[in-house]
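Each chain, letter by letter, is given below.
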Amino acid sequence: MAKESKKLTSEGTPSYTIPGLTTEQGAQVARLLQDRLNALTDLHLTLKHVHWNVVGPHFISVHEMLDPQVDAVREMADATAERIATLGLSPVGTPGALVADRGWDDYSIGRAGAIEHLGALDLVYTGVIQDHRAAIEATDDLDLVTQDLLIGQAGQLEQFHWFVRAHLETSGGQLTTAGATTEVAAKAAAGRAGAKRKA
Ligand SMILES: [Fe+2]
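Residues numbered from 1 in each chain as written. Predicted model: local features only at pLDDT ≥ 70, side-chain atom pairs only at ≥ 80, totals over all residues.

Asker: Describe the overall build of the protein chain, naming the residues involved and giving the relevant values.
Answerer: Helix and strand content of the protein chain: six helices and two strands. Written out in order from the N terminus, the α and β elements of the protein chain read α-β-α-α-β-α-α-α. By principal-axis analysis of the C-alpha atoms, the protein chain measures approximately 65 × 45 × 25 Å. Within the protein chain, buried positions represent 36% of all 199 residues. Intrachain contacts of the protein chain at a sequence separation of at least 6 include 72% that bridge at least 24 residues. (Helix = DSSP H or I, 4+ residues; strand = E, 2+ residues; numbered from the N terminus. Buried ≥ 20, exposed ≤ 12 C-beta atoms within 10 Å, placed from the backbone. Contact = placed C-beta atoms within 7 Å.)

Below, the structure written as structure tokens:
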């Protein structure tokens with residue numbers, strides 16, 4: 001397909017929205033949901049990327065753990081996009097618009113060991129969950145039905161985050177990646193701890 005400069009957007013005010021909301025409120029909720037849609041689409045693509053790139057002794061358990069997470073997060077993205085449409089605006093699901101609008105960088109790790117990837121995924125989930133919780137706060141006075149959708153998603157995301165973190169936890173209950181603020185630092189910390197456990 002030839003390159004076009006036209007950028008798809010969920011901006012603007014809908015001509016109609018959900019009964020009980022003003023069109024302004026509908027637009028505000030839809031904008032908030034577009035950011036969550038971007039995060040969820042980014043997350044299920046990143047989880048597949050890890051599914052394909054994980055190597056080493058824990059390959060099969062992590063490879064197989066991730067596919068149900070991909071499926072569940074794809075469902076969350078679908079429900080979020082359909083809520084935007086229900087609010088009267090156009091959900092944007094194209095990759096270029098996602099990259100242009102998102103406030104975070106691409107996942108930075110290619111082929112790596114399972115524990116290293118899980119160290120980096122710990123930070124990915126932390127970011128998505130923090131932003132989901134901020135969106136839950138923001139919908140408190142705006143739209144409780146959207147808030148309910150986001151709360152259900154957050155509960156599931158937090159459980160998946162635990163699945164990831166359980167691999168990084170010591171028997172004393174400490175995370176081996178504690179204090180790491182970048183995916184590369186978390187990968188290195190998780191890798192060092194994994195090597196120590198094997199020794
Ligand atoms: Fe696969």
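Asker: Describe the nonpolar core, with residues and values.
Answerer: Side chains of nonpolar character tend, in soluble globular proteins, to be buried together. Ranked by internal contacts, the top residues of the largest apolar core, which has 38 residues, are Leu118 and Val124. For this core, the element with the most residues is helix α1 (residues 23-53), which contributes 10 residues. Leaving out residues up to four positions away in the same chain, Leu118 has contacts with Val62, Val164, His167, Leu168 and Ala190. (Core = buried A, V, L, I, M, F, W, Y, C linked by C-beta atoms within 7 Å.)

Asker: Can you lay out the UniProt feature "domain: Ferritin/DPS" (unreviewed entry) in the protein chain for me, pointing to particular residues and giving the numbers?
Answerer: Per the UniProt record, "domain: Ferritin/DPS" (unreviewed entry) is annotated on residues 32-169. The span residues 32-169 is 76% helical and 3% strand by assignment, and the distance between its end C-alpha atoms comes to 33 Å. (UniProt positions renumbered as here; feature names shortened; annotations may be inferred.)

Asker: Describe in detail the packing of α1 against helix α2 (residues 59-86), supporting the description with residues and values.
Answerer: Two elements in contact, α1 and α2, have axes whose closest approach is 9 Å; the angle formed by their N-to-C orientations is 160 degrees. By the criterion of interaxial angle, the relationship of α1 to α2 is roughly antiparallel. Classified by chirality, the crossing of α2 by α1 is left-handed. Its residues assigned to classes, the contact of α1 with α2 comprises 14 nonpolar, seven polar and five charged. (Axes fitted to C-alpha atoms, helices over the stretch in contact; angles between N-to-C directions. Parallel < 35°, antiparallel > 145°, perpendicular 65-115°, else oblique. Left-handed = near helix turned anticlockwise from the far one by under 90°. Nonpolar A, V, L, I, M, F, W, Y, C, P; charged D, E, K, R; others polar.)

Asker: Could you give me a rundown of the confidence of the model for the protein chain, with the residues and numbers involved?
Answerer: For the protein chain, the mean per-residue pLDDT works out to 91, and 92% of the residues sit at or above 70. Averaged pLDDT values for the elements of the protein chain fall to 75 in helix α6 (residues 183-198) and rise to 98 in helix α5 (residues 144-166). (pLDDT = per-residue confidence, 0-100.)

Asker: Requested: an account of the packing of helix α4 (residues 114-138) against α5, with residues and values cited.
Answerer: In helix packing, the relevant descriptors are the interaxial angle and the interaxial distance, both defined with respect to the helix axes. Packing of α4 against α5 brings their axes to within 9 Å, and their N-to-C directions diverge by 160 degrees. With respect to α5, the element α4 is oriented roughly antiparallel. Handedness of the crossing formed by α4 with α5: left-handed. For the pair formed by α4 and α5, the contact residues are Leu118, Leu121, Asp122, Tyr125, Val128, Ile129, His132, Arg133, Ala135 and Ile136 on the first element and Gln147, Leu150, Ile151, Gln153, Ala154, Leu157, Glu158, Phe160, His161, Val164 and Arg165 on the second. For the contact of α4 with α5, the residue count by class is 13 nonpolar, four polar and four charged.

Asker: Run through the environment of Gly155, naming residues and quoting values.
Answerer: With respect to the element layout, Gly155 can be found in helix α5. By C-beta crowding, Gly155 is classed as exposed, having 10 other C-beta atoms within 10 Å. Separated by 57 residues in sequence, Gly155 and Leu98 place their C-alpha atoms 24 Å apart.

Asker: Which residues make up the environment of Ala193, and what values do they have?
Answerer: Looking at the element boundaries, Ala193 is found in helix α6. Judged by C-beta crowding, with 19 C-beta atoms within 10 Å, Ala193 ranks as partly exposed.

Asker: Provide a residue-level description of the environment of Leu47, including the pertinent values.
Answerer: Position of Leu47 relative to the elements: it lies in helix α1. When the C-alpha atoms of Leu47 and Val124 are compared, they prove to be 9.8 Å apart, with 77 residues separating the residues in sequence. Those residues within four positions of Leu47 in sequence are excluded, and the remaining contacts are Leu66, Gln69, Val70 and Val73.

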